[in-house]
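Here are the chains, one letter per residue:
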Amino acid sequence: MKAKQLSVFLENKSGRLTEVTEALGAAGINLSAMSIADNSDFGILRCIVSDPDKAYQVLKEAHFAVKITDVIGFVCPNTSGSLAKVLKLLSDSGVFIEYMYSFANGDVAHVVIRPTDLESCDRILAEKEIELLAASDLYRL
């Protein structure tokens, strides 16, 4: 199941991440998950939020470079090797994952992936009975 993720371009300077979180907080938008990848000049904040369309507008109005991309969320046991099994299912089927982030909570891990082929990935995970996260559930984590 697809969910919307925000990707926000951030200059590598003090306070930029604070500005994003303040803008979202002031608009009543909750962050469910996030990841930051950076180099020496800039970073990309990828995040799942409670209301992606509203967050997009809020950040655009605050002059951030932001886009919405589709991702897939799933659940796997929070045990050694569980994620590797799911990733092997995908790689054996030719699904390439551009990036991934995850977080564990108790006995389960929630995983967000950006595959190059969303439809195939979604189908394979469903066929293999991997618990997919509905967008509405992912936005509320």
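Rules and cut-offs
- Residues numbered from 1 in each chain as written.
- Predicted model: local features only at pLDDT ≥ 70, side-chain atom pairs only at ≥ 80, totals over all residues.
- Heavy atoms only, no water.
- Helix = DSSP H or I, 4+ residues; strand = E, 2+ residues; numbered from the N terminus.
- Rg over C-alpha atoms; globule rule 2.2 N^0.38 Å.
- Buried < 20%, exposed > 50% of the residue type's maximum accessible area, 1.4 Å probe, protein only.
- Contact = heavy atoms within 4.5 Å.
- Areas by Shrake-Rupley, 256 points an atom, 1.4 Å probe, with all protein chains shown as cover.
- Axes fitted to C-alpha atoms, helices over the stretch in contact; angles between N-to-C directions.
- Parallel < 35°, antiparallel > 145°, perpendicular 65-115°, else oblique.
- Left-handed = near helix turned anticlockwise from the far one by under 90°.
- pLDDT = per-residue confidence, 0-100.
- Arc of directions from axis to C-beta.
- Polar contact = N/O pair within 3.5 Å; in protein donor to acceptor, adjacent residues only side chain to side chain.

Trainee: Help me out: how do you make sense of the overall build of the protein in this one?
Mentor: Within the protein one finds five helices and seven strands. Along the protein, helices and strands appear, N-terminal first, in the series β-α-β-β-α-β-α-β-β-α-β-α. For 141 residues, the compact-globule estimate of 2.2 N^0.38 gives 14 Å, and the protein sits close to it at 16 Å. Burial statistics for the protein: of 141 residues in total, 40% are counted as buried. Relative to all contacts within the protein whose residues are 6 or more apart in sequence, the contacts with residues 24 or more apart total 68%. If you sum the accessible surface of the protein, you get close to 7600 Å²; carbon and sulfur atoms cover 49% of it.

Trainee: Any chance you could explain the packing of helix α3 (residues 82-92) against helix α4 (residues 118-127) here in plain terms?
Mentor: Angle between the axes and distance between the axes: these two values describe a pair of packed helices. Here α3 crosses α4 at 125°, and the two axes come no closer than 10 Å. The angle between α3 and α4 falls in the class oblique. Viewed along their axes, α3 and α4 form a crossing whose handedness is right-handed. Listed contacts from α4 to V86, L89 and L90 of α3 are C121, I124 and L125.

Trainee: Would you mind going over the confidence of the model for the protein with me for this structure?
Mentor: Close reading of the predicted structure is inappropriate where its pLDDT is low. Taken residue by residue, the protein gives an average pLDDT of 94. The fraction at 70 or more is 100%. Helix α2 (residues 52-61) holds the highest mean pLDDT among the elements of the protein, 98, whereas helix α5 (residues 135-140) holds the lowest, 89.

Trainee: Would you mind going over α3 with me for this structure?
Mentor: Among the residues of α3, those classed as buried are S82, V86 and L90. In an axial view of α3, the angular spread of the buried residues amounts to 70°, which keeps them on one side of the axis. What points out from α3, more than 90 degrees from its buried face, is the exposed set K85 and D92. In this structure, the buried side of α3 is in contact with β4 (65-77), β5 (97-105), β6 (108-115) and α4. Two residues or fewer after α3 comes G94, characterised by a positive phi angle close to 85°.

Trainee: Sorry if this is basic, but what is going on with unusual backbone geometry here?
Mentor: Across the chain, the bulk of peptide bonds are trans and the bulk of non-glycine residues have phi less than zero. Backbone geometry at H63 places phi at a positive 70°, although glycine is not the residue there. The exposed category is assigned to H63, whose relative accessible area is 69%. Even without being glycine, E129 reaches a positive phi, approximately 60°.

Trainee: Would you explain the side chain of S7 in this entry?
Mentor: With respect to the element layout, S7 can be found in strand β1 (residues 2-11). Given the relative accessible area of 8%, S7 is considered buried. A distance of 3.5 Å separates a polar atom in the side chain of S7 from a polar atom in the side chain of Q5. When sequence neighbours within four positions are dropped, the list of residues in contact with S7 reads I44, L45, R46, A65, V66, K67, T69 and Y99.

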